[in-house]
Amino acid sequence: MSSKTPTPHPDAAPPGSAPPEPAHAAVGPPEPGTRPGLFRDASLSAVLAGFVAVVVSYSGPLVIVLAAASAGHLNTAQTSSWVWAISIGSGLTCIGLSLRTKMPVITAWSTPGAALLVTSLGAYSYAEAIGAFIVTGLVITLVGLTGVFGWLMRQVPTAVVSAMLAGILFSFGTGVFTSLKTAPLIAGSVLVAYLLAKRWLPRYAVLVALAAGVAASAVSSRLDIHLDRIELAKPVLTTPEFSLASLIGIAVPMILATLASQNAPGMAVLTASGYEPKDRLLIGSTGLVSTALAPFGSHAINLAAITAAICTGPESHRDPKRRYVAGVSCGAFYLLIGAFGSTLVVLFAGLPKELVAAVAGVALLGALAGGLTGAVKEEKDREAALITFLATASGVTLFGIGSAFWGLLFGVIAHFVLTRWRGTPTEPAK
């Protein structure tokens, strides 16, 4: 994020409309007294974008949380409380921050943090893990409120940010086609329905694709949904214990993974879509909520990246000012599912993975196109952006930190080497 105003998303304005205004004017909060109502701004496409984001969250990252709970030998009540805490935390921050900023702020639980716990939670008592969760939340809150994190992110060039976004979404775009190998009817139905709806019903293209995919799953007997009972979740309050071993083994790596692999890409997604996120408000708020819900099992609440791209792109709404409704919608679905703990999770666990991959892929096409466009817009930044894209898309994980951070780091280094440290620019060869 360089100091210049970010370029608005190329698909933000409908064809034939007036030239888009600068990003801060186009998608920033309205002036006092002119703020439109939520119901006036609501649209089916934005509500659906929030729903798809939740489906992707519960069909993938939540599985890692459940695996960590099993590795830590948590009982059913503790596991249900953990699911409740991360769902309620994500829901409250999605709704509150989206309404406050008028941006589609999508939050979620830390996926790399949960992956870390799969291998480390069993080495500590649950009370020690809770103590580490509290320290994690406090440190992230401090880093956010001081503005240090935001300052670092603003030093990153816009092209590198866009390339990182494209790299994050690349595998989801290809997932539409790799799913054709194992479930051709399901993935093919999603793709064909999306293209046809995009031609004649563009605002409802993802909804039509989802409906076609569900129908194809039912026809091929791939829906495996068994809901024996529905009951409200009962939060379990655990008294924390603090130990040096758990702080080093859980808190330190989780802080680094959450900031680098989740919050950094989350900020980048908003910026690449033409918004100007307030880092102190967003990072500080998610840190505070994480701290408050840690005694109930929440390991970390942070900005989302992949699911955020579903809600920040043109598929959510053609008008960037009305996409915040997708954030509110996402939060409402989080709260609904979280209220019932893990009992409703089976609804999403029963969806074929090819259906989830295909629907997520077509929903992210607009955001992927915007990232690629921003990455190659300026010729002087193309090589650094390409390095960022390749490193991010590679999926490499080093020292427990995901590829999004390394793509960002390598891209910034390449940018400085190629543009800042070469002295007088040389003329291109004729």
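Just so it is clear, the structure is predicted and the values come from calculations on it, not from any experiment. (Residues numbered from 1 in each chain as written. Predicted model: local features only at pLDDT ≥ 70, side-chain atom pairs only at ≥ 80, totals over all residues. Heavy atoms only, no water.)

Concerning the overall build of the protein chain
Thought 1: The helix and strand inventory of the protein chain stands at 20 helices and two strands.
Thought 2: Counting across all 430 residues of the protein chain, residues that qualify as buried make up 53%.
Thought 3: In the protein chain, the proportion of contacts linking residues at least 24 apart, taken out of those at least 6 apart, comes to 85%.
Thought 4: For the protein chain, the exposed surface amounts to about 18,500 Å²; the carbon and sulfur share of it is 67%. (Helix = DSSP H or I, 4+ residues; strand = E, 2+ residues; numbered from the N terminus. Buried < 20%, exposed > 50% of the residue type's maximum accessible area, 1.4 Å probe, protein only. Contact = heavy atoms within 4.5 Å. Areas by Shrake-Rupley, 256 points an atom, 1.4 Å probe, with all protein chains shown as cover.)

Observations concerning the side chain of Ser179
Thought 1: Locating Ser179 in the fold gives a position in helix H9 (residues 158-182).
Thought 2: In this view, Ser179 contacts Pro184, Ala187, Glu354 and Ala357; residues no more than four positions away in its chain are not counted.

Re the environment of Ile337
Thought 1: Mapped onto the elements of the fold, Ile337 is located in helix H15 (residues 324-339).
Thought 2: Separated by 246 residues in sequence, Ile337 and Gly91 have C-alpha atoms that sit 9.5 Å apart.

As for unusual backbone geometry
Residues apart from glycine generally show negative phi values, whereas peptide bonds are mostly found in trans.
Thought 1: Unusually for a residue other than glycine, His73 sits at a positive phi of about 60 degrees.
Thought 2: Tracing the backbone through its elements, the reader meets His73 in the loop between helix H4 (61-71) and helix H5 (76-101).

Topic: the nonpolar core
Side chains of a nonpolar character, in soluble globular proteins, are inclined to be buried together.
Thought 1: Core analysis: the biggest nonpolar cluster contains 110 residues, and Val52, Trp82, Leu117, Phe133, Leu169 and Tyr334 have the highest contact counts within it.
Thought 2: Per element, the largest residue contribution to this core is eleven residues, and it comes from helix H12 (residues 244-272).
Thought 3: Those residues in contact with Tyr334 that lie beyond four places of it in its chain are Val54, Ser57, Tyr58, Ser87, Ser90, Gly91, Cys94, Thr107, Ala108 and Trp109. (Core = buried A, V, L, I, M, F, W, Y, C linked by side-chain atoms within 4.5 Å.)

Observations concerning helix H19 (residues 382-394)
Thought 1: Look at H19: 18 Å from first C-alpha to last across 13 residues, which is about the 18 Å you get at 1.5 Å a residue.
Thought 2: Along its buried surface, H19 packs onto H9, helix H18 (365-376) and helix H20 (403-420).
Thought 3: Gly395 sits one or two positions beyond H19 and adopts a positive phi of about 75 degrees. (Expected span 1.5 Å × (residues − 1).)

Brief notes about the pattern of salt bridges
Thought 1: Tallied over the full model, the rule gives five salt bridges.
Thought 2: Measuring nitrogen to oxygen at the nearest pair gives 4.0 Å for the salt bridge that ties Asp41 to Arg322. Taken together, the residues Asp41 in helix H2 (residues 38-41) and Arg322 in the loop between helix H14 (306-312) and H15 connect sequence positions 281 residues apart.
Thought 3: Residue Asp41 is classed as buried on the basis of its relative accessible area of 6%.
Thought 4: With relative accessibility at 24%, the residue Arg322 sits in the partly exposed group.
Thought 5: A network of salt bridges, in which partner residues are shared, links Arg222, Lys353 and Glu354. (Salt bridge = Lys/Arg side-chain N within 4 Å of Asp/Glu carboxyl O.)

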